[in-house]
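Architecture at a glance
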Amino acid sequence: MKNIILAAGRAKRELSVLIPPGKNKVLLRILGKPVIYYPLHSLQEASGKETIIVYRKGEEQVIKEAGNYSKYSIIPITQEEGNTIREAILAASKELDKENYFFLVFGDIVIEPEPLIRLYNTHLTEEPDATILLIPYDPEYAETYGTATIDEEGYLTKTLTSKSIEKPKYIIGGAYILPNHILDLLEKNLSLPEAINQLIREGARIKTILWTGTWIDIGYPTDLLEADYTLLSMIKSTMISDKAEIEPTSTIIGPVIIDENTYIDHHVLIKGPVYIGKNSFIGAHSFIRQYSDINNNVRIGAYNEVKKSNIQPYTLLDSYVYIADSIIGENSIIGAYTITLNVLEAKMKTPRVRKHLVNPPKKEIEKLGAIIGYNTKIGTKTIIYPGKTIKPKTIIEPDTVLR
C-alpha cells in the first residue's frame, strides 16, 4: 500500500493573503510547524511507509519542509497542471500503480494519528474493497469535501453532490484507502466522488470509519485560529527549552510552550495555553494571553498585548500594540500603538468563526480581529475594525482607521 498526500491545492481567496509566491497553504504555521506536518505525521504513524507528496511546480519548499518532519523517505511528484483532486491523484499514477491499494490523505487537514490508525487497521482486518474516513455533517465543510450516506453496517452507499436533494449525515474526511482500479475511472474524467460511486455500482464494498475528534480543514484564515485553540487546549504542562532565556521578573501561568533561542524580557506575563516559537523575542511588560500562537522568528516589542491570535514567522510588533483574535501574515511590521478591534457586528458574515459566551449578559458573540496579509507594513496609531482583511504588501500610513 502506497502513502500519498495531496499538497498542491490552491488556496481560497480569503486564505491566499497569507501565502507568499512560491509557497502553499500547507506551509502556513501552526504551533511552529507547517500545516503539512499534521497529516504527514498522522499518516506515517498509521502506516509507517515512504510517502508520495504531490506538490505544485514552483512550490518546492513544500517538499523541503515535509522532508524536515518525515520519518520515512519522501517521493516528490510535481503536479504540472490542473486544479482538481482528480488531476492531483493522476499526477502520481505511475507510483500508485505499483501496488494494489493506496492510502490517500489531503495535505491541508489538521488530524490526529488515531483516526488514520483506525482506518488502516480496519482495512487490513476486514478487507473491504476501500475504506473512507467520515466526520459528522457540517454545512461549512460539505462543499469542499463532499458528503455521504451509509448503511446500518457502516458501508458507504453513495457520495452526494451539493445539488443532491438527499440530506446527508456525514462529510468525507479527506482520508481514503482506495484500490488502484480507481485510477482507471479517474482517467475517464470522473471526479473522485463520481469514481467512488462507480466503484459502488460495480459491487465494491466500501467501509467507513466515523471520527468525531480533532479534524480541521485549513481553508480560511479563521481555521488557523480554530487549530490553535484545539491544539493548545491539548497542552497539559509547561515545556520551556533549556536554550530559551527568561528573565526572573517574568511570570508564566498555565501550560506554555517556549521554544529554543527565545528571549522573554522583564515583567512579561504569559497566561497559557500559549505557544512561542524559536528565535523569538517578547519585550518588557508585554501580556501574552490564552490561545496565542507566536511562531518562529517573531519580535514583539514592549508593552504589547496579544490574545487568541496566530502570528506567522518573521513578523515585528512595535511597542504598545494590541492584537486580538487576529491572523498576521509572515514578514509584516505592525507599528506602535496599533489596535485591532475584535467584536463582530451581528450582520457580519465571516466563515467559521468561534462563538464566545459573554457573561454578563449571557449571550453569544463572534470575535474576529484583523487578517493581515504577508509583507504588510502598518503605520503607528492605526485602528483596524473587526473582520478587516488587509491585502499583502500593503503599506498603511500612520493614524489610519481601517473599517
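Note: the structure precedes this text.
Residues numbered from 1 in each chain as written. Predicted model: local features only at pLDDT ≥ 70, side-chain atom pairs only at ≥ 80, totals over all residues. Heavy atoms only, no water.

1. Points about a nonpolar patch on the surface
Inclusion rule: Think of a patch as exposed residues, more than 30% relative accessible area, with no salt bridge, where like charges cluster within 9 Å and nonpolar side chains (Val, Leu, Ile, Met, Phe, Trp, Tyr) cluster within 5 Å. Using the Shrake-Rupley algorithm and a 1.4 Å probe, accessible areas are obtained, with residue cover drawn only from the displayed protein chains. In the sections that follow, a salt bridge refers to a side-chain nitrogen of Lys or Arg positioned within 4 Å of a carboxyl oxygen of Asp or Glu. Under the scheme used here, helices are H or I runs from DSSP no shorter than 4 residues and strands are E runs no shorter than 2 residues, and both carry numbers assigned from the N terminus.
On the surface, a nonpolar cluster with roughly 270 Å² of combined accessible area is contributed by I339, L341, I383 and V401. With respect to the helices and strands, L341 occurs in the loop between β31 (339-340) and β32 (355-358).

2. Re unusual backbone geometry
Across the junction of G272 and P273, the peptide omega takes the value 10 degrees, indicating a cis bond. Position of P273 among the secondary structure elements: in the loop between β19 (269-271) and β20 (274-276). For K393, which is not glycine, the phi torsion reads 65 degrees and is therefore positive. The topology assignment puts K393 in the loop between β37 (389-390) and β38 (395-396).

3. Section: the pattern of salt bridges
Under the convention used in this document: Exposed residues in this analysis have more than 50% of their type's maximum accessible area, buried residues have under 20%, and partly exposed residues fall in between, with area computed by a 1.4 Å probe over protein chains only.
Per the stated rule, a full pass over the model turns up 11 salt bridges. Among the salt bridges present, the one from K25 reaches D108, with a minimum N-O distance of 2.8 Å. Of this pair, K25 sits in the loop between α1 (13-16) and β2 (29-30) while D108 sits in the loop between β6 (101-106) and β7 (109-111), and the two are 83 residues apart along the sequence. In terms of burial, K25 and D108 fall into one category: buried. Several salt bridges converge on common partners, so that one network encompasses K2, E50, E95 and K98.

4. Observations concerning the nonpolar core
Definition in use: The criterion is simple. A nonpolar core is a set of buried Ala, Val, Leu, Ile, Met, Phe, Trp, Tyr and Cys residues joined through side-chain atoms within 4.5 Å. Note on contacts: a residue pair qualifies if any of its non-hydrogen atoms lie within 4.5 Å across the two residues.
If you look at the biggest cluster of nonpolar residues, it comprises 67 residues, and the most contacted ones within it are F103 and L104. Beyond its immediate chain neighbours, meaning those up to four positions away, L104 contacts I4, L6, I89, G174, A175, Y176, L178 and L192. V256, I270, V298 and L317 belong to the second largest nonpolar core, which has 27 residues in total.

5. Regarding helix α6 (residues 113-126)
Put simply, the test is: Multiply 1.5 Å by the residue count of a helix minus one, and that product is the helix's expected span.
Taking 1.5 Å as the rise per residue, α6 with 14 residues should run 20 Å; its terminal C-alpha atoms sit 20 Å apart, in good agreement. Its buried side turned inward, α6 meets α2 (37-47), β6, β7, β8 (130-136), β11 (170-179) and β12 (206-210). In the stretch just after α6, E127 is the one whose phi turns positive, near 50 degrees.

6. Some details on the layout of surface pockets
Applied cut-off: Space inside and on the surface of the protein is sampled on a 1 Å grid over the protein atoms alone, with a cavity defined as a set of points where a 1.4 Å probe fits but cannot get out and a pocket as an open set with protein on both sides within 12 Å along at least 5 of 7 lines; lining residues have an atom within 4 Å of a point. Grid points are joined across faces, edges and corners, and a volume is the space filled by probe spheres set on the points. Polar here means any residue other than Ala, Val, Leu, Ile, Met, Phe, Trp, Tyr, Cys and Pro, which are nonpolar, and Asp, Glu, Lys and Arg, which are charged; Gly is therefore polar.
Roughly 1,000 Å³ of internal volume is contained in the largest pocket. The wall of the largest pocket is formed by 44 residues, among which I85, F106, E143, T144 and Y145 lie closest to the centre. Breaking the lining of the largest pocket down by element, the ones donating at least two residues are α4 (85-91), α7 (139-145), β10 (156-160), β11 and α9 (192-201). For the lining of the largest pocket, the leading source of residues is α9, giving 5 residues. Classifying every residue of the lining of the largest pocket gives 18 nonpolar, 16 polar and 10 charged. Here the second largest pocket is characterised by a volume of approximately 650 Å³. Lining the second largest pocket are 36 residues; nearest its centre among them are L31, G32, K33, Y38 and Y69. Within the residue set of the lining of the second largest pocket, elements represented by two or more residues are α2, α3 (61-69) and β7. It is α2 that contributes the most residues to the lining of the second largest pocket, 4 residues altogether. The residue inventory of the lining of the second largest pocket, partitioned by class, reads 19 nonpolar, 9 polar and 8 charged.

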